[in-house]
Amino acid sequence: MKNLVVGAGLTGAVIAERIATMLREEVTVIDRASHVGGMHYDYVDKDTNILVHPRHVNFLHTEHKFIWDYLSKFGKLAPVTFKPSVRVQGKNVSMPLCLCTIDGLFPEDFAKMLTNKLIAKFGYNRQITLAEMYRNMDEDLKFLANYFYENVFKPYTVKQWGIDEDALPECEDTYYPFYISNDNRYYKEKYVAIPENGWAELIENILKNNKNIKLKLNTDFSDINPAKFDRIFFTGSIDEYFDYKHGELPYRSVRMDIDSKAHEYNTHCGTYNWPYEYDFIRAHIFADHLPDKIYPSNKDIIGYEYIEPFELGKNERFYPINNVVSNEVYARYLEDASQLDNVYFAGRLGEFKYYESDELVRRAFEIVASLVMRPEEPEEVIEVVTIDEDFDDNDINN
């Protein structure tokens, strides 16, 4: 079988490697860009040795050991503890919202009173929503919920999704999380990391791991004759594949303005969220994402992240805008896709769904497993395709 994978991002790379390694079939991977990685693209700055994320900062965070083991075969994963902050009324405080956030915002006695009321009402080490906090009869907790709603949720959502304030839900209907604990880690999974030398190098290693894989960069899908292939795995946008016959699917795009300057930040939180002030939504101090790495100078490379509307031909798709209308359009494309033989749509764009990095890997595994899975066959077939012999078979089911 000859296979074509369109897109050399994380999803496409894992699909290609699994087919080449486990099914021992030929795979051609194409990408219109001059490099691999897609939205996982990054690079190590030669002057500072800092890993720069010019499109989006992608962490691996997962509970699944088999995903950690799989990716570790292709690049060193540097364990990290990600503790970003959020700018609220001139103060940088803990993000996600938790008891540490309260301590950083309010006078000591008032903060202690709010903390005691939260613990008494909901218990400790609990995750609740602003809606639950607001609906409580206690006026102090109602104030706290509304404070976070007005200063974090509302301005952040407007920036992230471009939504008019009038279209936002009321505080009592807001499912924004609050953690009744002092654990201010943003990712709380068992495995949290960034590839030490970047996702792009790791993805390159995935693609060059097997002689059955042929990579062609600077190559658009329109340059390829699909009839030469037995299967096509399309990780681009599904509406683009069908020439937008039902209209464009809406996305938000990400723009990262890169700035190099003398070291100014020293909290090692890595990312500062700015829900209200300025037009950028986050400032990333790239060196602080890998604080154990040795850097030759006191220079920082900072990425100012802007979330913008996607415009065809101008910028890149990233966050799918899932609503009633867009999901109906996607359903039409999905129906068209069901009429195709041996064409598979995968990833954030192919499936019009936001996936985290570990979910992209797992989804790629599932797609490859479906190639050999038959209704009458046992589930163990999935394990044969998705994991190597040195992996623990139980991990795939955890």
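Whatever comes next refers back to the structure up there.
Attention shifts here to the pairing of strand β13 (residues 231–234). Neither face of β13 is exposed, since Arg231 and Phe233 on one face and Ile232 and Phe234 on the opposite face are all buried. Sheet topology note: the β13/strand β19 (residues 343–345) ladder contains three bridges and is parallel. Paired with Phe234 across the strands is Phe345, a residue of β19.

Moving on, we get to the nonpolar core. Ranked by size, the top nonpolar core spans 38 residues in total, and within it Ile15, Leu71 and Leu207 carry the most contacts. For this core, the secondary structure elements donating two or more residues are α1 (10–23), β2 (26–30), α2 (65–72), β11 (191–195), α7 (199–207) and α12 (357–370). It is α1 that contributes the most residues to this core, seven residues altogether. The residues contacting Leu71, other than those within four sequence positions of it, are Leu10, Leu60, Leu77, Trp199, Leu202, Ile206 and Val361. Leu105, Leu130, Phe153 and Leu168 belong to the second largest nonpolar core, which has 29 residues in total.

Attention shifts here to the pairing of β11. Summarising burial for β11: five of the five residues are buried, a large majority. Neither face of β11 is open: one carries Tyr191, Ala193 and Pro195, the other Val192 and Ile194, and all of them are buried. Judged from the three bridges that link them, strand β6 (residues 77–79) and β11 form a sheet pairing that is antiparallel. From the neighbouring strand, Leu77 faces β11, where its bridge partner is Pro195.

Here the focus is the pattern of salt bridges. As enumerated under the stated definition, the model contains 22 salt bridges in all. For the salt bridge of Arg255 with Glu308, the shortest nitrogen-to-oxygen distance reads 2.7 Å. In this pair, Arg255 is assigned in strand β14 (residues 251–262) and Glu308 in strand β17 (residues 299–309), connecting sequence segments 53 residues apart. Note on Arg255: relative accessible area 31%, which makes it partly exposed. Within the structure, one salt-bridge network assembled from shared partners comprises Arg32, Asp220, Glu240 and Arg317.

On to the sheet that holds strand β5 (residues 60–62). Spatially, three strands are ordered β5-β11-β6 in an open sheet, and the strand pairing comes out antiparallel. With partners counted over all chains shown, the strands left at the sheet margins are β5 and β6, one partner each. Strand-to-strand, the axes of this sheet are offset by a mean angle of 35 degrees, without reference to chain direction.

Thresholds applied
Residues numbered from 1 in each chain as written. Predicted model: local features only at pLDDT ≥ 70, side-chain atom pairs only at ≥ 80, totals over all residues. Heavy atoms only, no water. Buried < 20%, exposed > 50% of the residue type's maximum accessible area, 1.4 Å probe, protein only. Helix = DSSP H or I, 4+ residues; strand = E, 2+ residues; numbered from the N terminus. Pairing = 2+ DSSP bridges. Core = buried A, V, L, I, M, F, W, Y, C linked by side-chain atoms within 4.5 Å. Contact = heavy atoms within 4.5 Å. Salt bridge = Lys/Arg side-chain N within 4 Å of Asp/Glu carboxyl O. Axes fitted to C-alpha atoms, helices over the stretch in contact; angles between N-to-C directions.

All we've got here are geometric facts, nothing functional implied.
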